[in-house]
Amino acid sequence: MNARRASSLRWQLLVGVLVPVLAFVALTAVAAHRSALAAANTAYDRTLLASAKTIGEQLRVQGEGAAVRVTADLPYSALEAFEADMRSRMYYRILGFQGETVSGFDDLPGPRPPGAGRNPYAALVHFYDDEFRGQPVRMAVLLQPVSGPAGLGMATIQVAETFELRRRMADELLAQTLVRQALQILLIAAVVVWVVQRATRPVRALGALLAARPAGDLSPLPTGQAPRELLPLIDATNSVMSRLARLLEHQKRFVRDASHQLRTPLAVLKAQLQSAARGDVAPSQALVEVAETVDRATLLANQLLALAKVEQIREQADAPVTDWADAVRQVALDLSPLIVARQLDFDLALQPARVRAHEWALRELSRNLIHNAVQHGPPGGRLHIRLQTDRHHAALTVSDSGPGLDAEARARLFQAFAARGPAAASGLGLAICQGIVTGLGGQLSLDNRELQGRVIGLDATARLPLEPAPPPAPDPAEGQSPP
């Protein structure tokens with residue numbers, strides 16, 4: 001199977017080249033056979049004409065007046081000189097002035113009138129194919145003037161020859177032509193095999209290079225010595241390996257982060273359960289602490305899964321068109337109990353915004369931005385969410401009245417697990433938002449809002465490209481004449 005697959009390109013080129021060549025050879029063989037037969041007829045027609053002229057030289061005129069007639073004393077042995085090696089038979093017939101048979105074979109078919117074609121001979125002769133005694137023959141009809149003391153007239157001489165010698169000559173010419181063409185076909189096949197073998201050498205070298213690579217080597221393939229025809233394949237392979245390298249690195253990072261970050265809440269949970277079992281704390285307090293630890297572990301696990309799913313956005317190009325406003329409205333509704341619990345001054349202003357993104361990504365982006373604003377804002381503070389559009393972009397701005405960002409926090413703003421402070425959970429929220437926005441071709445910015453040189457809050461703005469609105473559907477009633 002491998003050998004057959006490896007030689008498929010060679011066989012395809014061989015078939016693609018040799019089949020048209022063989023078809024052309026077959027057509028040329030038919031044409032060559034006809035040409036050879038025509039050449040043989042031309043050559044041996046001269047023999048027929050010479051035979052007819054020889055017979056004409058033997059004709060005499062006898063009698064006087066109305067009894068004048070043509071006579072001939074011609075034995076058949078006179079034609080044996082024109083029969084080549086006895087491979088063909090010749091027949092003749094002499095017709096007198098009145099069309100009577102003077103000599104020869106009486107049952108030889110009568111002469112046909114000459115055709116309209118050009119006569120290459122000076123004599124009054126024409127040639128055609130006929131049949132005699134069940135055999136095809138070549139017939140020559142010569143009009144021979146005969147004169148003598150007794151009178152002058154025009155005799156008709158017919159000479160027929162069978163086709164054995166002509167066909168043999170045509171077959172020999174055809175065989176010679178076919179031998180030359182067969183050698184040409186063999187030469188073409190050898191050249192095709194050699195060219196394919198030489199042209200596919202870089203492909204085999206590329207395959208050997210890939211096969212010899214270690215399992216984890218996803219570095220780009222070299223393109224320096226590759227022919228131009230292979231560059232698109234090498235570039236596509238390098239692109240695939242680059243994506244695989246990113247996915248593998250993301251997978252390693254996810255496993256590393258998950259194993260490191262989940263170990264802490266699980267250890268805390270175990271310690272809390274052991275403390276409750278020893279009776280160090282009251283059961284009600286132990287349950288509250290366990291519930292808080294489980295909530296933090298659940299949030300961490302959900303954010304780790306979301307961070308892993310963000311990488312899929314970069315590899316997907318078939319995202320549907322989604323209204324961002326619907327996603328923001330649903331997220332605000334889900335977080336409304338938390339907003340009410342912190343007694344925030346909540347304001348929501350949304351404009352329809354069609355963006356090309358999965359609904360999950362828009363909901364996760366909006367949820368993290370709003371949740372961060374709720375967590376970092378003071379109780380009873382202000383939370384303003386607005387979604388606005390311009391000609392090319394949609395911008396979601398979440399404004400809170402929290403302490404804003406200092407220089408140290410801004411330096412590690414989008415780093416995972418870099419959040420600090422009592423309100424910080426895992427530090428994954430902004431990293432998730434940054435990954436989603438970047439994967440969708442947008443931008444994410446966090447800016448302090450100041451009043452008289454004092455920070456009064458933070459504006460988190462995510463900008464995504466707008467999807468052009470579809471053309472309006474034609475009105476079915478338009479163009480109809482009124483009744």
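The text that follows walks through the structure, step by step, so that each part is easy to find.

1. Quick word on the overall build of the chain
Part 1 of the reasoning: A tally of regular secondary structure across the chain gives twelve helices and 14 strands.
Part 2 of the reasoning: Within the chain, buried positions represent 34% of all 483 residues.
Part 3 of the reasoning: Long-range pairs, those at least 24 residues apart, make up 66% of the contacts in the chain with a sequence separation of at least 6.
Part 4 of the reasoning: On the chain, roughly 28800 Å² of surface is accessible, and the fraction owed to carbon and sulfur atoms is 58%.

2. Considerations on the packing of helix H8 (residues 324–334) against helix H10 (residues 359–376)
Part 1 of the reasoning: Contact pair H8 / H10: the axes reach a minimum separation of 9 Å and the direction vectors enclose 45°. Relative to H10, the element H8 lies oblique. Relative to H10, H8 is oriented so that their crossing is right-handed. Contacts between H8 and H10 involve Trp324, Ala327, Val328, Gln330, Val331 and Asp334 on the former and, on the latter, Leu362, Arg363, Leu365, Ser366, Arg367 and Ile370.

3. Things to note about the pattern of salt bridges
Part 1 of the reasoning: Applying the stated rule across the entire model yields 13 salt bridges.
Part 2 of the reasoning: Here Asp334 makes a salt bridge to Arg363, at a shortest N to O gap of 3.5 Å. On the criterion of sequence distance, the pair formed by Asp334 in helix H8 and Arg363 in helix H10 is long-range, its members being 29 residues apart.
Part 3 of the reasoning: With a shortest N-O distance of 3.5 Å, Asp334 and Arg367 are connected by a salt bridge. Here Arg367 lies in helix H10 and Asp334 lies in helix H8, a separation of 33 residues in the sequence.
Part 4 of the reasoning: The exposure class assigned to Asp334 is partly exposed, which follows from its relative accessible area of 34%.
Part 5 of the reasoning: Each of Asp45, Asp129 and Arg138 takes part in a single network of salt bridges with overlapping partners.

4. Re the packing of aromatic side chains
Part 1 of the reasoning: Applying the stated criterion across every chain yields a total of four aromatic pairs.
Part 2 of the reasoning: Note on Tyr91 and Phe132: the rings are 4.9 Å apart at their centroids and 70° apart in plane angle, and the pair reads as edge-to-face. Here Phe132 lies in strand S5 (residues 125–132) and Tyr91 lies in strand S3 (residues 90–95), a separation of 41 residues in the sequence.
Part 3 of the reasoning: For Phe132, a relative accessible area of 3% translates into the label buried.
Part 4 of the reasoning: Grouping aromatic residues by their ring pairs yields a cluster made of Tyr91, Tyr92, Phe105 and Phe132.

5. Focus: a nonpolar patch on the surface
Part 1 of the reasoning: Residues Leu187, Val191, Trp194 and Val195 make up a contiguous nonpolar surface patch of roughly 410 Å² in combined accessible area.
Part 2 of the reasoning: Relative to the elements of secondary structure, Val195 occurs in helix H3 (residues 164–199).

6. What to know about the packing of H10 against helix H12 (residues 429–439)
Part 1 of the reasoning: Between H10 and H12, the shortest axis-to-axis distance is 9 Å and the interhelical angle comes to 145°. In this structure, H10 crosses over H12, and the sense of that crossing is left-handed. Residue-level contacts link Ala361, Glu364, Leu365, Asn368, Leu369 and Asn372 of H10 to Gly429, Leu430, Ile432, Cys433, Ile436 and Val437 of H12.

Rules behind the numbers
- Residues numbered from 1 in each chain as written.
- Predicted model: local features only at pLDDT ≥ 70, side-chain atom pairs only at ≥ 80, totals over all residues.
- Heavy atoms only, no water.
- Helix = DSSP H or I, 4+ residues; strand = E, 2+ residues; numbered from the N terminus.
- Buried < 20%, exposed > 50% of the residue type's maximum accessible area, 1.4 Å probe, protein only.
- Contact = heavy atoms within 4.5 Å.
- Areas by Shrake-Rupley, 256 points an atom, 1.4 Å probe, with all protein chains shown as cover.
- Axes fitted to C-alpha atoms, helices over the stretch in contact; angles between N-to-C directions.
- Parallel < 35°, antiparallel > 145°, perpendicular 65-115°, else oblique.
- Left-handed = near helix turned anticlockwise from the far one by under 90°.
- Salt bridge = Lys/Arg side-chain N within 4 Å of Asp/Glu carboxyl O.
- Phe/Tyr/Trp six-rings, centres within 6.5 Å; stacked < 30°, edge-to-face > 60°.
- Patch = residues over 30% accessible without salt bridge, like charges linked within 9 Å, V, L, I, M, F, W, Y side chains within 5 Å.

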